[in-house]
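# Structural characterization, general
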Amino acid sequence: MKFLRPATRLWPPVLLGSQFVFNIGFYAVIPFLAIFLRDDMLLSGAMIGLILGLRTFSQQGMFIIGGALSDSYGARIVILCGCIIRIVGYLLLALGDSLTPVILGACLTGVGGALFSPSIEALLAKAGTDSEAQGKRSRAEWFALFAVCGELGAVIGPAAGALLTGFGFREIALAGAAVFIIALGVLYLCLPPDSPRHQSLYIPPWWSTFRQPRFVVFIIAYSSWLLSYNQLYLALPVEISRAGGSEKDLGPLFILASVLIILFQLPLARFARRTGAARIMPAGFLLLSASFLSVALFAAQEPDDSWLRLLPAACFVTLLTISQMLLGPSAKDLIPEFANKTTLGAHYGALSTAGGIAVLVGNLLLGSQLDKALTPSPDAIIPWLQLAVFPFLSAIAFYLLYRPGKSIKQ
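Residues numbered from 1 in each chain as written. Predicted model: local features only at pLDDT ≥ 70, side-chain atom pairs only at ≥ 80, totals over all residues. Heavy atoms only, no water.

### With respect to the overall build of the protein
If you tally the helices and strands in the protein, you get 17 helices and 0 strands. The proportion of buried residues among the 410 residues of the protein is 50%. Across the protein, the fraction of contacts at a sequence separation of at least 24, relative to all contacts at a separation of at least 6, is 84%. Of the roughly 18,300 Å² of accessible surface on the protein, a fraction of 69% belongs to carbon and sulfur atoms. (Helix = DSSP H or I, 4+ residues; strand = E, 2+ residues; numbered from the N terminus. Buried < 20%, exposed > 50% of the residue type's maximum accessible area, 1.4 Å probe, protein only. Contact = heavy atoms within 4.5 Å. Areas by Shrake-Rupley, 256 points an atom, 1.4 Å probe, with all protein chains shown as cover.)

### Side note on the packing of helix α14 (residues 277-296) against helix α15 (residues 311-334)
It is the contact of α14 with α15, at a shortest axis distance of 8 Å, that shows an interaxial angle of 160 degrees. Viewed along their axes, α14 and α15 adopt a mutual orientation that is roughly antiparallel. Here α14 and α15 pass one another in a crossing that is left-handed. Listed contacts from α15 to Ala-277, Ile-280, Met-281, Gly-284, Phe-285, Leu-287, Leu-288, Ala-290, Ser-291, Phe-292, Ser-294 and Val-295 of α14 are Pro-312, Cys-315, Phe-316, Leu-319, Leu-320, Ile-322, Ser-323, Leu-326, Leu-327, Ser-330, Ala-331 and Leu-334. Its residues placed into classes, the contact of α14 with α15 shows 19 nonpolar, 5 polar and no charged. (Axes fitted to C-alpha atoms, helices over the stretch in contact; angles between N-to-C directions. Parallel < 35°, antiparallel > 145°, perpendicular 65-115°, else oblique. Left-handed = near helix turned anticlockwise from the far one by under 90°. Nonpolar A, V, L, I, M, F, W, Y, C, P; charged D, E, K, R; others polar.)

### Structural notes on the side chain of Ser-18
With respect to the helices, strands and loops of the structure, Ser-18 is situated in helix α1 (residues 12-27). Each residue touching Ser-18, except ones within four places of it in the same chain, is listed here: Ile-120 and Leu-187.

### With respect to the pattern of salt bridges
Counted by the stated rule, this structure contains 7 salt bridges. Put simply, Arg-139 and Asp-333 hold a salt bridge, and the shortest N to O gap is 2.7 Å. Of this pair, Arg-139 sits in helix α7 (residues 139-164) while Asp-333 sits in helix α15, placing them 194 residues apart in sequence. Take Arg-139: its relative accessible area is 9%, and that puts it in the buried class. (Salt bridge = Lys/Arg side-chain N within 4 Å of Asp/Glu carboxyl O.)

### With respect to the nonpolar core
Core analysis: the largest hydrophobic core is formed by 95 residues, its most contacted members being Phe-218, Tyr-222, Phe-285, Phe-316, Trp-384 and Phe-398. In contact with Trp-384, other than residues within four places in its own chain, are Ala-235, Glu-239, Phe-292, Val-295, Ala-296, Ala-299, Phe-316 and Ala-373. (Core = buried A, V, L, I, M, F, W, Y, C linked by side-chain atoms within 4.5 Å.)

### Some points on the environment of Leu-124
Residue placement: Leu-124 occurs in helix α6 (residues 99-133). Taking the C-alpha atoms as reference points, Leu-124 and Leu-10, 114 residues apart in sequence, are found 9.3 Å from one another. Setting aside its immediate chain neighbours within four residues, Leu-124 contacts Leu-15, Trp-142, Phe-143 and Phe-146.

### Points about the confidence of the model for the protein
Residues with a pLDDT of 70 or more make up 87% of the protein, whose mean pLDDT is 82. Within the protein, the lowest mean pLDDT, 51, falls on helix α9 (residues 203-208), and the highest, 94, falls on helix α17 (residues 381-401). Contacts from residues 201-205, a stretch scored under 50 in pLDDT, to residues over four places away or in other chains number 9 contacts. (pLDDT = per-residue confidence, 0-100.)

### Quick word on the side chain of Gln-19
The topology assignment puts Gln-19 in helix α1. Residue contacts for Gln-19: discarding those within four places in its chain leaves Phe-146 and Gly-150.

### Considering the packing of aromatic side chains
One pass over the structure, following the stated rule, counts 17 aromatic pairs. On the basis of an interplanar angle of 75 degrees and a centroid distance of 5.8 Å, the ring pair of Phe-316 and Trp-384 is categorised as edge-to-face. Within this pair, whereas Phe-316 is found in helix α15, its partner Trp-384 is found in helix α17, the two being separated by 68 residues in sequence. With a relative accessible area of 0%, Phe-316 lands in the buried category. With relative accessibility at 0%, the residue Trp-384 sits in the buried group. An aromatic cluster of at least three residues, connected via ring pairs, comprises Phe-215, Phe-218, Tyr-222, Phe-285, Phe-338, Phe-398 and Tyr-402. We note Arg-137 situated over the ring of Trp-142; from NZ or CZ to the ring centre the distance is 5.3 Å. (Phe/Tyr/Trp six-rings, centres within 6.5 Å; stacked < 30°, edge-to-face > 60°. Lys NZ or Arg CZ within 6 Å of the ring centre and 35° of its normal.)

### Details of α6
The end-to-end C-alpha separation of α6 is 52 Å, in line with the 51 Å expected for 35 residues at 1.5 Å each. Residue Gly-135 follows α6 closely and has a positive phi angle near 80 degrees. (Expected span 1.5 Å × (residues − 1).)

### Things to note about a nonpolar patch on the surface
On the surface, Leu-152, Val-155, Ile-156, Ile-255, Val-259, Ile-262, Leu-263 and Phe-264 cluster together to form a nonpolar patch covering roughly 640 Å² of accessible area. Every element with two or more residues in the nonpolar patch is listed here: α7 and α13 (250-275). When residues of the nonpolar patch are assigned to their parent elements, the largest contribution, 5 residues, is made by α13. Relative to the assigned elements, Ile-255 resides in helix α13. (Patch = residues over 30% accessible without salt bridge, like charges linked within 9 Å, V, L, I, M, F, W, Y side chains within 5 Å.)

### Concerning the packing of α1 against helix α8 (residues 169-190)
It is the contact of α1 with α8, at a shortest axis distance of 9 Å, that shows an interaxial angle of 165 degrees. Classified by the interaxial angle, the pair formed by α1 and α8 is roughly antiparallel. Here α1 and α8 pass one another in a crossing that is left-handed. Contact with α1, carried on its side by Val-14, Ser-18, Val-21, Phe-22, Gly-25 and Phe-26, involves Gly-176, Val-179, Phe-180, Ala-183, Leu-187 and Cys-190 of α8 and no other residues of that element.

### Some remarks on the environment of Leu-99
With respect to the secondary-structure elements, Leu-99 resides in helix α6. Between the alpha carbons of Leu-99 and Leu-37 there is a distance of 9.2 Å; along the sequence they are 62 residues apart. Not counting chain neighbours up to four residues away, the residues in contact with Leu-99 comprise Met-41, Leu-43 and Ile-51.

Set out below in structure tokens:
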């Protein structure tokens, strides 16, 4: 039937909508996984951490593979396969009756994301380039809208999951699978067929991403962003504990971050576009470094008895979120400068994979250091200063990378 045939042209709002729906389906399930593992599976904290770490690394670490597959076989088929794999992962979480299928299901949810995320970003980069060439919305603005849609999904997802908590985690996982089944059908119809590609994985474009010295510097320098962003989950709870707060204080701070992104992402992306990468990338990382320094200033002091005790945490979240809004769209807008149309997916995948490795190694090295920051003392300053060093070094790297007269091209 004609109405069941795929679309003939790419409509960028479809990509924005997919990011919105994907995040609803993801954040409605994964935030509740740790509670399920602890309360229902009766696992230790160490085992829960290992499973969640495997899930994260199976996504971030596989991004470059997903990007390479997209370049070789086409983004549409890889996106659809990613949806199917995530559906299988959710079904294993919902129906698995032992630890093995639950671990496999958690990892498959990550692998699914590693397939469709770089492919969608590569499609959006191409659509944004065409839009900009036609004098319409710029590529950076499309990525800013992409971030806003993702953040809206990240806000609605946990709320939707919370509504289902009375039924149990397995029902939440089934609902997540249903979301991706619907997304699979919509994307099958709304994404145009891929142009003819190589019929086997074409390795040279994948490896060529690491044969560009300036691109390697770019992704290493940018990787400190994901390491810093993950401190919302690792370091922020430590600061709240030092301030005498509790887990319930996390909610308002995450809402603060979401509201900032929804309200200011697009204006800040336009500002970044006008200002240029040569200034925005170093400035954004300096701001990111300042977010950690804002906590270090108070780490040695006894917390206030009033609501002001959460002021350092609020400053940290605010500065980190502003830097995110400046750096994210700007960095993704710069990737096509290093790639051609056949290697976009691999380049976006490499960017995310470098960040995933930085998170894995950085958290392993710095996680124990954060124990010093649990109680007010001079030593509590040290972990925050250590965290501030990485984005500061990235700011220097990007200043050198984009100093006047330096070309991006090899």
